[in-house]
Amino acid sequence: MNERGGYPERIVPDETPQGIVALHLKRYDFSMAYIAGKRVLDVACGVGYGSAHLANFANEVVGVDLDEEAIAYARRRYGGPPNLLFVRGDAMKLKFVDASFDVVCSFETIEHIADVEAYLREVRRVLVPGGRYLASTPAARHSTDHPENPHHVREWSPADFERLLRRHFSAVELFSQVRRQTRLAILIKKLDLFKLRARLVPSGVTRRIAHGAGIRMMGDLQMDDVLIRPGVLRGASEIIAVCTV
């Protein structure tokens, strides 16, 4: 897992707490409604766990990543199904002819790219008429060219993200990824008690208090603890866009 400044950017499920995996895999799970029986391209697929998940429902899945080591891992760990292929490639110069895919999935990718207009033109190029582009990005309060995450080139507010996508697609629908929480958990977070407690109380005690309040620690999250809901919701960690050519 590639980290800099405390930000994990390469999720390897076999080496990562289940909660972190759940946060990422939820977006692939959400895409199932759009990919059944389709030919799907997974851009910036990383080590391939998401592409493998898509292959359970899609007719064909091609996972593409620029990192040769990641693609080699994906082939070893997830290769095998006849409808799943991993290839090394650049998101800015996809090695496919026009209108090759019904759906392009590309989660937590666009914030890493400097020339997003060129990237989105390339995504649209490989989609069939009426095809869909499914993307996610952090839900920034304000758009910025200087995100806290050192791996990100730019982050967008939901409104700016939608405006960007509408320049390339005929229809854009936004969804919010949020964590399921009890009312007590929400109240505690509003009061900022856990940040204070984290400085004063041992981590083991912190975990027990959190569980008692109905809060799962990040590493303990399960898929059912992560929700994706229509619209832009307060407290969303990521925005998911479903775009139609």
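Predicted, not measured: the structure shown is a model, and the values here were computed from it.

Draft legend 1. Layout of the environment of R166. Within the secondary structure layout, R166 lies in helix 6 (residues 158-166). Sequence separation between R166 and V245 is 79 residues; the distance between their C-alpha atoms is 9.9 Å. A polar side-chain atom of R166 sits 3.0 Å from the main-chain carbonyl oxygen of V172.

Draft legend 2. Expanded view of the sheet that holds strand 6 (residues 101-107). The sheet built from eight strands is open, its strands ordered 5-4-3-6-7-10-8-9 with mixed pairing. Strand pairing shows two members of the sheet lacking a second neighbour, strand 5 (84-88) and strand 9 (226-230), which therefore form its edges. Going across the sheet, the axis of each strand differs from the next one's by a mean of 20 degrees, ignoring polarity. Running at roughly 40 degrees to strand 9, helix 1 (residues 18-30) makes contact with strand 3 (39-43), strand 6, strand 7 (127-138), strand 8 (171-179), strand 9 and strand 10 (238-244) of the sheet. Lying over the sheet, helix 5 (residues 116-126) contacts strand 3, strand 6 and strand 7, oriented at roughly 140 degrees with respect to strand 7.

Draft legend 3. Unusual backbone geometry, seen in detail. Phi is positive for A44, which is not a glycine, with a value near 60 degrees. Note on placement: A44 falls in the loop between strand 3 and helix 3 (49-54). The phi dihedral of A99 is positive, around 55 degrees, even though this residue is not glycine. Secondary-structure assignment places A99 in the loop between strand 5 and strand 6.

Draft legend 4. Region of the structure containing the pairing of strand 10. Among the seven residues of strand 10, seven are classified as buried, and the element is accordingly described as predominantly covered. The alternating pattern of strand 10 places E238, I240, V242 and T244 on one face and I239, A241 and C243 on the opposite face, and all of these are buried. Bridging between strand 7 and strand 10 involves seven bridges; their strand directions are antiparallel. Following the sheet pairing, T137 is matched in strand 10 by I239. As defined by bridge partners, strand 8 adjoins strand 10 across seven bridges and the pair is classed as antiparallel.

What counts as what
- Residues numbered from 1 in each chain as written.
- Predicted model: local features only at pLDDT ≥ 70, side-chain atom pairs only at ≥ 80, totals over all residues.
- Heavy atoms only, no water.
- Helix = DSSP H or I, 4+ residues; strand = E, 2+ residues; numbered from the N terminus.
- Polar contact = N/O pair within 3.5 Å; in protein donor to acceptor, adjacent residues only side chain to side chain.
- Pairing = 2+ DSSP bridges.
- Axes fitted to C-alpha atoms, helices over the stretch in contact; angles between N-to-C directions.
- Contact = heavy atoms within 4.5 Å.
- Buried < 20%, exposed > 50% of the residue type's maximum accessible area, 1.4 Å probe, protein only.

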